[in-house]
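Now for the letters of each chain:
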Amino acid sequence: MEGESIYEVDSEDGVGADIISTVEFNHTGELLATGDKGGRVVIFQREPESKNEPYIQGEYNVYSTFQSHEPEFDYLKSLEIEEKINKIKWLPQQNAAHSLLSTNDKTIKLWKVTERDKRPEGYNLKDEEGKLKDLSTVTSLQVPVLKPMDLMVEVTPRRIFANGHTYHVNSISVNSDCETYMSADDLRINLWHLAITDRSFNIVDIKPANMEDLTEVITASEFHPHHCNLFVYSSSKGSLRLCDMRASALCDKHSKLFEEPEDPSNRSFFSEIISSVSDVKFSHSGRYMLTRDYLTVKVWDLNMETKPIETYQVHDYLRSKLCSLYENDCIFDKFECAWNGSDSVIMTGAYNNFFRMFDRNTKRDVTLEASRESSKPRAILKPRRVCVGGKRRKDDISVDSLDFTKKILHTAWHPTENIIAIAATNNLYIFQDKVNSEMH
Amino acid sequence: MEVQKEAQRIMTLSVWKMYNSRLQRGGLRLHRSLQLSLVMRSAREVYLSAKLEEDEEGRLGPQPCLGEEGAGQPPLQPAAAASPGPPAPEERAAPADRGNAPGAVDPEPMETQDSSGDAPPAAPAPGAGRRPARGVSLPPPAKASRKRRSSSLDKPGAAEAGLVPTKKARLEAEEEEGERQPQGQDGPFPSLAKVLQTRFSGMLRGGPPKGPEPTPGCRPGDGVLSILVRAVVAF
């Protein structure tokens, strides 16, 4: 993997408003959207490839920046609603404009991104600056013509889906029917129509009649990429539930339950919380699901509910350090996971700005680091290794030297090419695998 | 012993985290609260089972307790079990250690009472635990729970200071009933609170134990747990 570009948003207030909280490629990979803790969305666009300057082709540059959400206050509960963008999802493109959904803890918004590169000139009633002309000076009529102008990207809010959630929204997912989408909070999942903002349908509700009986919450959810009636949601107990919306209006009863029995030899104070699934992603094929819990990533086959077909250890050396990780709150970190375009490689983040990739076919894995030193343009990323005692090679890093404040929670993989976007705190790294690209 | 200490430490840490999570922007996170309560429950179970075994040994007389304790508990990670070796005989448990535990623990539950009222004040007096232990390194075991219960009520200005919520009466009623559930708010760990209350209401009701105490350090543990109960229910 080669280092490609690093984008850092300077933080004026220094309190972390620029910490990237979500990263998402659109369906073609031409656009990459990031959301941050300050409620801003930054969209990057890939430069078209040019034969004249092959070395700058494929670079992502800033396309547009806008403020998606602002901090709000719930007066009834005396609670502040954070403006942090939890998730961004692109809509499939249906015309010249691009649309995306962005959500904070409570409100989902639909934004339309349009380009303007021409403007009309030659109005009869207005002059160049837009002021009304003195009618007595108008002696002839002309037809306004469109003249080219500098590209202007406009982002406008088209829909605001508010008041749908009592608890904190953790995921949104656009249906393959391109008409509906779902939003999930800790206890409920709602189905919305993209054109209707004043009502939504509740399709999953796991709130117990008595909150004292609460044992699990919803942690992530996603629609099936091809079957518009199927969706999956993950729970804090480590289970996945596949639901079919054709079965009933309320999908509390799952069609399939994917759960792996806990290994009793790994039991500890923290067993329950490290089994919580922090992210679930369908494969592009729709046949598999990828889940991330605190220490592992697992691949599940939709046809087998009893256990995952593959389990990969992300950082098993942390298993003996769970108590310290509980003390410094790292045990609550929610890592995301991603498939590559062909579903042959999976990727997830870790600590010390490391991220891991697992090749499902060769069973090989690699640990890479997202850092400025290793990310100069066209620098090759060097595989890293964490040593857990025993003989230590040069450049190995020991478990105790890991920096737990540098965590890679959000990663995204281009839908078709080997380009990945890695969010490391307030830096965005984009890496390309030039070996496999067709540019050579 | 080490296991018990570790479990107690984790319980304290969990309570402190629960309190802190209410102060952060965006309000209480249900998932986080649930996770904290799960850890606290695990720690509580370990603590109680270790304590029960200790009590039994105390009644039966000092015996090597390696096998029982080792088998009785779920295997703990090395970090949790501070010494991988066999647990020390109980006589070795320094009262100073146990005395320190309440002293160390108390400031944290005390802080919970400073939390302002964005919580539905369904909880009984968390302020009850506040006064007595401050400045007292090892409160007399027999008086610990009683003293805490009464002192905050009598303290002048306690109400103004917000130390004594108006639900004090409910606390005593709950302790008497031993079964009453905490008020059903959307509290994220009410099941834990309920279990703790029902479990410990008996202990609190029972008052000081009669007869020779195996170790003076045992009682402060009860006092600590009573504080923890109140602190949890306070949410």
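Residues numbered from 1 in each chain as written. Chains lettered and ligands numbered in written order. Predicted model: local features only at pLDDT ≥ 70, side-chain atom pairs only at ≥ 80, totals over all residues. Heavy atoms only, no water.

Draft legend 1. Here's a closer look at the overall build of chain B. Helix and strand counts for chain B stand at ten helices and zero strands. Overall, chain B shows an N-to-C arrangement of helices and strands of α-α-α-α-α-α-α-α-α-α. Taking as baseline every contact in chain B between residues at least 6 positions apart, the subset at least 24 positions apart corresponds to 74%. Roughly 10200 Å² of accessible area belongs to chain B as shown, and the carbon and sulfur atoms make up 55% of that amount. (Helix = DSSP H or I, 4+ residues; strand = E, 2+ residues; numbered from the N terminus. Contact = heavy atoms within 4.5 Å. Areas by Shrake-Rupley, 256 points an atom, 1.4 Å probe, with all protein chains shown as cover.)

Draft legend 2. Region of the structure containing the state of the cysteines. All names here are of chain A. Under the definition given, this model contains zero disulfides over all chains. Unpaired in terms of disulfides, C323 finds its nearest cysteine sulfur in C330, a separation of 13 Å. Counting only cysteine sulfurs, C330 is the nearest neighbor of C387, a cysteine outside any disulfide, at a range of 19 Å. Judged by its relative accessible area of 7%, C387 falls in the buried class. (Disulfide = S-S within 2.5 Å. Buried < 20%, exposed > 50% of the residue type's maximum accessible area, 1.4 Å probe, protein only.)

Draft legend 3. Looking closely at the environment of H168 of chain A. Within the secondary structure layout, H168 of chain A lies in the loop between strand 11 (145–161) and strand 12 (171–174). Between the C-alpha atom of H168 of chain A and that of N86 of chain A, which follows or precedes it by 82 residues, the distance is 9.6 Å. In contact with H168 of chain A, other than residues within four places in its own chain, are D105, A184, D185 and D186 of chain A together with G26, G27, L28 and R29 of chain B. At 2.9 Å, the side chain of H168 of chain A forms a polar contact with the backbone oxygen of G26 of chain B. (Polar contact = N/O pair within 3.5 Å; in protein donor to acceptor, adjacent residues only side chain to side chain.)

Draft legend 4. Spotlight on the sheet that holds strand 12 of chain A. Residues and elements named next belong to chain A. Taken together, the four strands give an open sheet; going across it, the order is 12-13-14-15, and neighbouring strands pair in antiparallel fashion. Of all the strands in the sheet, just strand 12 and strand 15 (201–205) have a single pairing partner and so form its edges. Across the sheet, the mean angle from the axis of one strand to that of its neighbour is 20°, orientation sign disregarded. Pairing of strand 13 (residues 180–184) with strand 14 (residues 188–193) involves five bridges; the strand directions are antiparallel. Each bridged residue has a counterpart across the sheet, and for A184 the counterpart in strand 14 is I189. (Pairing = 2+ DSSP bridges. Axes fitted to C-alpha atoms, helices over the stretch in contact; angles between N-to-C directions.)

Draft legend 5. Fine view of the side chain of S64 of chain A. All names here are of chain A. One can find S64 in strand 5 (residues 60–67). For S64, a relative accessible area of 7% translates into the label buried. Those residues in contact with S64, other than ones at most four positions away along the chain, are V41, V42, I43, V153 and V155.

Draft legend 6. Up close: the side chain of S37 of chain B. Among the structural elements, S37 of chain B can be located in helix 2 (residues 30–60). Polar side-chain contacts of S37 of chain B include one of 2.7 Å to the backbone oxygen of L34 of chain B.

Draft legend 7. Focus on a nonpolar patch on the surface. Taken together, the side chains of L125, L132 and L135 of chain A present a nonpolar region at the surface, about 360 Å² in accessible area. By relative accessible area, L132 of chain A is classed as exposed at 71%. (Patch = residues over 30% accessible without salt bridge, like charges linked within 9 Å, V, L, I, M, F, W, Y side chains within 5 Å. Salt bridge = Lys/Arg side-chain N within 4 Å of Asp/Glu carboxyl O.)

Draft legend 8. Quick peek at the nonpolar core. The biggest cluster of nonpolar side chains holds 48 residues, and the ones touching the most others in it are F270, Y294, Y326 and I331 of chain A. Counting 15 residues, the second-largest nonpolar core is a separate cluster that includes M357, L381, I408 and W413 of chain A. (Core = buried A, V, L, I, M, F, W, Y, C linked by side-chain atoms within 4.5 Å.)

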